[in-house]
Amino acid sequence: MSNLSKASSRPSGNGLKKSVTFLEAMAIVVGMIIGSGIFLKPGIVLASAGSPWMSILAWVAGGIITLASALSVAEIAATIPKAGGLYAYLEDLYGEVVGFLLGWVQAVISYPASVAALAIAFASYSGYFLPMNGLQQKLLAIGILLFILLMNVISTKYGGIIQLVATAGKLIPVVGIVAFGLISGTQPGFAGVSGLTAGAAGFGAAILGTLWAYDGWIGVTNMAGEMKNPAKTLPKVILIGVSFVIAVYVLFNLAIFRALPFEQIVSSPTPGADAAQALLGSGGGAFITAGIIVSVLGALNGYLMTAARVPQAMGERGIAPFSGFLRRIHPRFGTPANALMFQAALAVIYIFSGTFNTLTDLLVFVLWIFFTAGVFGVFILRRTVAPSAGRYRVPLYPVTPIIGIAGGLYILGSTLTDSPGRSLIGIGITLVGLPVFYYMKKKGR
């Protein structure tokens with residue numbers, strides 16, 4: 001039996017409680033994808049696409065690429081349902097070095113920087129209702145982060161409840177705009193614009209814009225070790241969750257096109273808020289801002305919850321510095337409390353330093369290398385692990401993973417072309433993990 005075959009048959013064995021339900025996992029998928037992007041991106045995508053219908057087509061195309069990637073990774077998740085998500089999958093598929101490098105950039109930089117960015121976004125949007133200076137915003141950001149941390153340390157169930165409530169809450173403004181927009185008698189966004197006007201380059205840029213808004217779904221795979229039946233649950237929540245988000249994004253854009261003129265959508269930095277004001281009156285801006293705050297809160301909770309599972313899984317394998325601390329499960333609460341506090345502490349540092357956006361930008365290229373490698377991993381899996389009766393297998397193989405890989409390669413090519421310097425720095429940051437890896441291996445021996 002190959003190492004991958006052995007890995008696929010081993011339980012996670014990390015001591016975490018099997019407490020994550022189907023609905024909570026679904027809320028993680030939807031809640032981590034739908035952040036503030038859907039409220040801000042329609043104008044950017046429309047400007048690149050050139051017409052409303054081409055814009056809708058770009059959102060559908062981006063959704064199909066995302067869904068193809070998700071369905072492919074879901075087969076790996078069903079075969080290797082281990083805590084740590086993509087880090088664990090790459091370790092089994094490509095070897096310890098590749099898995100460690102992803103875990104390194106996720107645990108030390110990517111996840112805590114994203115958590116810091118979301119905490120700051122929460123405080124910034126809260127300034128709509130309560131004006132604050134820069135220091136006050138940082139203190140509020142840290143305050144909400146510590147609250148989310150406390151709830152997740154006390155119980156994964158509390159984190160799941162926050163995720164469910166926040167996901168339901170964030171859908172209220174979206175549903176409101178969709179409902180009022182689709183019944184609107186006017187269609188200013190469609191008026192005077194031909195159906196298909198974008199060139200290939202413009203349409204490609206539009207798809208790229210949508211792909212950023214679809215990011216985040218893979219975080220749910222980090223929770224595999226805490227699901228009662230991850231081999232069946234993960235493929236279902238990924239398929240249903242991503243498909244639901246695609247439908248929401250398409251309907252939301254259709255509603256905006258029925259509420260605002262083409263020129264206003266393209267020129268506005270906040271088309272979602274403008275559409276809400278046009279449809280709901282003067283209170284529309286407050287309504288959509290409140291929705292964004294709840295939306296960001298859900299994404300913050302989802303990112304912190306799933307982020308901690310990566311260093312905890314690395315500690316479980318003894319491959320991370322301070323593994324004894326990181327792998328420890330709280331004896332009373334049954335949560336990865338130490339890993340949660342580690343991620344939150346790094347996020348606080350990034351909040352005060354103000355480097356979170358720079359760090360996340362630097363790692364875009366590197367992270368998509370790993371994501372694309374993850375999708376390609378289904379081909380390795382098919383050659384290595386014998387098929388098992390009843391186990392999920394990606395539909396329309398090999399077309400589905402090829403679509404996902406093509407999308408990943410397009411993002412990599414665009415990122416490298418637009419920001420070659422940042423891409424190379426990101427690779428350099430990642431390779432800093434190599435001496436750490438070999439030191440830990442030597443220490444382990």
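Check the entry above for the structure.
Along each chain, residues carry numbers from 1 onward, in the same order as the chain's sequence is written. Reporting of local features is limited, given that this is a predicted model, to residues whose pLDDT is at least 70; pairs of side-chain atoms are given and counted only at 80 or more, and all residues count toward the totals for whole chains, interfaces and linings. Values reported for side chains reflect all heavy atoms of the structure, with hydrogen atoms and water molecules removed beforehand.

Student: I keep staring at empty space enclosed by the protein and nothing clicks. Help me out?
Tutor: Rolled over the atoms, a probe sized like a water molecule indicates the empty space that remains. Lining residues are defined by having an atom within 4 Å of a point belonging to a cavity or pocket. Those points lie on a 1 Å grid over the protein atoms alone, cavities being sets where a 1.4 Å probe fits but cannot get out and pockets being open sets with protein on both sides within 12 Å along at least five of seven lines. Grid points are joined across faces, edges and corners, and a volume is the space filled by probe spheres set on the points. Across all of its chains, the model carries one cavity of 30 Å³ or more by this definition. Within this model, the largest cavity holds a volume of roughly 160 Å³. Residue lining of the largest cavity: 17 residues in total, with S69, D215, W217, W368 and F371 positioned closest to the centre. In this count, Pro and Cys sit with the nonpolar residues alongside Ala, Val, Leu, Ile, Met, Phe, Trp and Tyr, while Asp, Glu, Lys and Arg are called charged and the others, Gly among them, polar. Split into classes, the residues belonging to the lining of the largest cavity amount to 10 nonpolar, six polar and one charged.

Student: It is not clear to me how a nonpolar patch on the surface should be interpreted in this structure. Could you clarify?
Tutor: Taken together, the side chains of F22, L23, Y158, I161, L164, V165, L239 and I240 make up a nonpolar region of the molecular surface, amounting to roughly 700 Å² of accessible area. Broken down by secondary-structure element, the contributors of at least two residues to the nonpolar patch are α2 (22-33), α9 (156-182) and α11 (230-259). Helix and strand definitions here come from DSSP, where helices need a minimum of 4 consecutive H or I residues and strands a minimum of 2 consecutive E residues; each element is numbered from the N-terminal end. The element that contributes the greatest number of residues to the nonpolar patch is α9, accounting for four residues. Mapping L23 onto the fold places it in helix α2. Patch definition: residues with relative accessible area over 30% and no salt bridge; like charges joined within 9 Å; nonpolar side chains (Val, Leu, Ile, Met, Phe, Trp, Tyr) joined within 5 Å. Per-residue and other accessible areas were derived by the Shrake-Rupley procedure at a 1.4 Å probe size, with only the shown protein chains allowed to occlude residues. Throughout this description, the term salt bridge denotes a Lys or Arg side-chain nitrogen within 4 Å of a carboxyl oxygen of Asp or Glu.

Student: Before we go on, may I ask you to explain the pattern of salt bridges in this structure?
Tutor: Per the counting criterion, the structure on display carries seven salt bridges. For E75, the salt bridge is made with R382, and the minimal N-O distance between the two is 2.7 Å. Residue E75 is found in helix α5 (residues 52-79), and its partner R382 is found in helix α18 (residues 356-384); the two are separated by 307 residues along the sequence. In this structure, the salt-bridge partner of R317 is E91, at a minimum N-O distance of 2.7 Å. Here R317, found in the loop between α15 (309-316) and α16 (323-326), pairs with E91, found in helix α6 (residues 86-94); they are 226 residues apart in sequence, far enough to count as distant. Think of it in three bands: with a 1.4 Å probe and only protein chains considered, a residue is buried below 20% of the maximum accessible area for its type, exposed above 50%, and partly exposed in between. A relative accessible area of 30% places R317 in the partly exposed class. Given the relative accessible area of 12%, E91 is considered buried.

Student: Please clarify how the side chain of R309 should be interpreted in this entry.
Tutor: For R309, the location among the structural elements is in helix α15. Within the structure, the side chain of R309 is placed 2.6 Å from the side chain of E226, a separation counted as a polar contact. There is a polar contact of 2.6 Å between the side chain of R309 and the backbone oxygen of M305. Contact partners of R309, with chain neighbours within four places excluded, come to G84, T156, N222, M223, E226, P336 and L340. Under this definition, polar contacts are N or O atom pairs within 3.5 Å; protein pairs additionally need one hydrogen-donor-capable and one acceptor-capable atom, and for neighbouring residues in sequence, both atoms have to be side-chain atoms. Two residues form a contact once any of their heavy atoms are found within 4.5 Å.

Student: Sorry, what's going on with the packing of aromatic side chains here?
Tutor: How two aromatic rings sit relative to each other is given by the distance of their centres and the angle of their planes. Under the pairing criterion, centres of Phe, Tyr and Trp rings, with the six-membered ring standing for Trp, must be within 6.5 Å; the plane angle then separates stacked pairs below 30 degrees from edge-to-face pairs above 60, leaving the rest tilted. Under the definition given, this model contains 11 aromatic pairs. Judged by centre distance (6.4 Å) and plane angle (20 degrees), the ring pair of F100 and W104 falls under stacked. Pair noted here: F100 and W104 are both in helix α7 (residues 96-126), with a separation of four residues, about one helical turn. A residue is classified by how much of its surface remains accessible, and F100, at 1% relative accessible area, is buried. The aromatic ring of Y397 is capped on one face by R382, whose charged end is 3.9 Å from the ring centroid. Here, over-ring charges are defined by two tests on the NZ atom of lysine or the CZ atom of arginine: distance to the ring centre within 6 Å, and angle to the ring normal within 35 degrees.

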